[in-house]
Every structure is written in structure tokens, then in C-alpha cells.
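Okay, here's what each chain looks like letter by letter:
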Amino acid sequence: MNPCPPSKPPAESRVFAGLRLRPTLCATGARAARWRAEGGEWVRPVVTPADWRADWSECVPPERRWAVDFPPGADERAIAEAGGAGRIFARSRARIARRGPGAELRIALAKCDRYLATPAGARAARWRWVPAQVLPCGALVVVARDDEFLAGVLASRWLELWRLALGRRLDVATIRGFPLPWPPETLRGSFTREQEERRDGVVRAWRAAGGGAADFDPEGYEADALSAAVAAAYGWPAGIGADEAVQRLRARAPA
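What you are looking at is a predicted structure, and each value in this text was computed from that prediction instead of being measured.

**Some points on the overall build of the chain**
Okay, so step 1: Summing up its helical and strand segments, the chain has 10 helices and eight strands in all.
Okay, so step 2: Relative to the compact-globule value of 18 Å for 255 residues, the chain shows a C-alpha radius of gyration of 20 Å, a close match.
Okay, so step 3: Each of the three principal axes of the chain carries a C-alpha extent, and together these read 60 × 35 × 35 Å.
Okay, so step 4: Within the chain, the fraction of its 255 residues that count as buried is 50%.
Okay, so step 5: Sequence separation of at least 24 residues holds for 70% of the intrachain contacts in the chain that already meet a minimum separation of 6.
Okay, so step 6: For the chain, the accessible area works out to roughly 12,900 Å², and carbon and sulfur atoms hold 50% of it.

The following block contains the structure:
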């Protein structure tokens, strides 16, 4: 008997595209330093797909670019308090996002300490943990949820097989439609003992593979162990082949 019931797509798992910021609101070097000195919390570091080509010392992206940004709850007083950074925001005729995906992403980031991100359009996902204060910008897929089990599932080879079966690029829609072993919002107290063990197995394998601190070899032992742990979470037989895995994923997907 399969202890892991089919799940709906993770529509509630907070999957977003990266923000599109105005170039006039972004700065580097001395200019960014001045903005930070005056704008405080309203000037935030930015991460883009290009940062995946750089070294992430201490497991965080390099803080090379900064942006003036206000959350949906900010008001004109906040803009005024940001000094020169606020004046730049006002002169650019930018508006504080009150609704829509940009506002929803900022609200979701405010509720977690870190989030997952990977460059969109890549052959395979390259998930990294990013501190929540860093703005995800450009062609990124963002999962605003601090959940190591979900991270392990998305880092397994089953997501890539799913993407290939759909003939799609790695994007927000692909992640949102990927069937999970169980919904991300499932309360731990409702798990069976077997589900709990399999969940813990995925988390251990994800950590052994680097835990989102750096890329890992998709053909290496750690990748194999992670995919095997995720297959067990789905309730699949050991050594399951690619074709059968795709069939089972399709069966879990809603009509």
C-alpha cells in the first residue's frame, strides 16, 4: 500500500518569477554605499542568474548590486525617510507594488528566513538557498519556502524527467505543476510513521548533497542517493526506471 497520497500541484508553495527592477533603482560600488547609508532597510542586495557563475563564500550570493525597494506595506513616509535613495525612487516615478506577483513575492519573502532559487531556462535546476533579505531579480525561479524536504524533492532527477516529458523549459509553470509526494502544507503531526521516515531520508540526502549551499554532480553518488530517497517518499519501488517514474508522476497530476 502506498502511504503517500497523490498531491495537487504546489500552487500554495509560493513559487514566483524573479522581480523586474528598474535599472535606475539599482546601483553598485560607491553609489550603492551612499544609498545604503541613507536608505537603510529600504536598500537591499540583489541576486540575479549571473551570480550562479560566481563563488558563494559562506553560502550566500555575492553582494555586488543593491536596489531601492519598498514592500507593499510601505508608504510615502518610508520613501521620505530613505533620504537620497527615496528621492531616486520618487524621481524614477516608480510605484510601491501593492498587488500582483511582485507584491505577493515580497510578502512571501518577509515570512521566511531564506528561500530557494534557480536560474530559469537551464537544462537542470541549480537550487541554492538565498537569505530572505536578498531580492531575487531577473530570470530566476523562486520558491519562497524554507523547507528542506521540498528542496530535496525539487533537486532530485525526477523534476528534470518531468520537465523533459513535458517538453518545457525550467520555469515557474513547470515547478508549480510538478506533482509532489504530498502537499507542502501537510502538517507534520498528520504524517504516518513511514512518511516521517521517508521525509527525514530526503532531508538527510539533500544535506549530504550540499544542502543548497553549492551545486552537486547530477551523475554522482549524492545525486543518486537523493533521487532514491525521493522515490521512496513517493512510494515507488527501488530502482524505478525513467519511463515508469514519468507515468507515475502523470498519474499524480490533476486532470
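**Details of the pairing of strand E3 (residues 43–47)**
Okay, so step 1: In terms of burial, E3 is a largely internal element, five of the five residues being buried.
Okay, so step 2: Two elements, E3 and strand E4 (residues 65–68), share four bridges in a ladder whose sense is antiparallel. Of the residues in E4, the one forming a bridge with Arg44 is Ala67.
Okay, so step 3: Relative to strand E7 (residues 135–136), E3 runs parallel, the two sharing two bridges. Of the residues in E7, the one forming a bridge with Val47 is Pro136.

**Some remarks on the nonpolar core**
Okay, so step 1: Core analysis: the largest hydrophobic core is formed by 38 residues, its most contacted members being Trp127, Trp158, Ile175 and Phe178.
Okay, so step 2: Those elements that provide at least two residues to this core are strand E8 (140–143), helix H5 (148–155), helix H6 (157–166), helix H7 (172–177), helix H8 (193–208), helix H9 (221–234) and helix H10 (242–252).
Okay, so step 3: Contacts of Trp158, omitting those with residues within four sequence positions, involve Phe178, Ser227, Val230, Ala231, Trp236, Ile240, Ala245 and Leu249.
Okay, so step 4: Residues Phe16, Tyr115, Val142 and Ala144 belong to the second largest nonpolar core, which totals 20 residues.

**Topic: the environment of Asp51**
Okay, so step 1: Position of Asp51 relative to the elements: it lies in the loop between E3 and E4.
Okay, so step 2: Here Asp51 falls in the buried class, since its relative accessible area comes to 4%.
Okay, so step 3: Residues Asp51 and Pro119 lie 68 residues apart in sequence; the distance between their C-alpha atoms is 9.5 Å.
Okay, so step 4: Setting aside chain neighbours within four positions, we find Asp51 in contact with Val46, Trp56, Pro62 and Arg64.

**Some words on the environment of Val46**
Okay, so step 1: Residue position: Val46 is located in strand E3.
Okay, so step 2: Distance in space between the C-alpha atoms of Val46 and Arg34 is 16 Å, their sequence separation being 12 residues.
Okay, so step 3: For Val46, the contacting residues outside a window of four places in its chain are Leu21, Asp51, Pro62, Arg65, Trp66, Ala67, Val134, Leu135 and Cys137.

**Quick look at the packing of aromatic side chains**
Okay, so step 1: In the structure shown here, the tally under the stated rule is nine aromatic pairs.
Okay, so step 2: When the ring of Trp129 is compared with that of Trp206, the centres are 6.4 Å apart and the planes differ by 80°; the resulting orientation is edge-to-face. Taken together, the residues span a long stretch of sequence, with Trp129 in strand E6 (residues 128–131) and Trp206 in helix H8 at a distance of 77 residues. In this structure, Trp129 and Trp206 share a single accessibility class: buried.
Okay, so step 3: Aromatic side chains Trp182 and Phe191 sit 5.0 Å apart centroid to centroid with 55° between the ring planes, which places their arrangement in the tilted category.

**What about H10?**
Okay, so step 1: Along H10, the residues classified as buried are Ala245, Val246, Leu249 and Arg252. Looking straight down H10, one finds its buried side chains confined to an arc of 120°; they lie on one side. Of the exposed residues in H10, those oriented more than 90 degrees away from the buried face are Asp243, Gln247 and Ala251.

**Remarks on the confidence of the model for the chain**
Okay, so step 1: Scored by pLDDT, the chain comes out at a mean of 90, with 95% of its residues at no less than 70.
Okay, so step 2: Per-residue pLDDT stays below 50 along residues 1–6; that stretch engages in 20 contacts with residues further than four places along the chain or on separate chains.
Okay, so step 3: Contacts for the low-pLDDT stretch residues 8–12, under 50 throughout, to residues beyond four places or in other chains number 11 contacts.

**Looking at the side chain of Arg199**
Okay, so step 1: Assignment of secondary structure puts Arg199 in helix H8.
Okay, so step 2: The exposure class assigned to Arg199 is buried, which follows from its relative accessible area of 14%.
Okay, so step 3: Ignoring sequence-local partners within four residues, the contact set of Arg199 consists of Asp147, Phe149, Trp182, Arg188 and Phe191.

**Quick look at the side chain of Arg128**
Okay, so step 1: Counting through the fold element by element, Arg128 comes out in strand E6.
Okay, so step 2: Not counting residues within four places of it along the chain, the set of residues in contact with Arg128 comprises Trp52, Trp56, Tyr115, Leu116, Ala117, Gly212, Ala213, Ala214 and Asp215.

Criteria and cut-off values
Residues numbered from 1 in each chain as written. Predicted model: local features only at pLDDT ≥ 70, side-chain atom pairs only at ≥ 80, totals over all residues. Heavy atoms only, no water. Helix = DSSP H or I, 4+ residues; strand = E, 2+ residues; numbered from the N terminus. Rg over C-alpha atoms; globule rule 2.2 N^0.38 Å. Buried < 20%, exposed > 50% of the residue type's maximum accessible area, 1.4 Å probe, protein only. Contact = heavy atoms within 4.5 Å. Areas by Shrake-Rupley, 256 points an atom, 1.4 Å probe, with all protein chains shown as cover. Pairing = 2+ DSSP bridges. Core = buried A, V, L, I, M, F, W, Y, C linked by side-chain atoms within 4.5 Å. Phe/Tyr/Trp six-rings, centres within 6.5 Å; stacked < 30°, edge-to-face > 60°. Arc of directions from axis to C-beta. pLDDT = per-residue confidence, 0-100.

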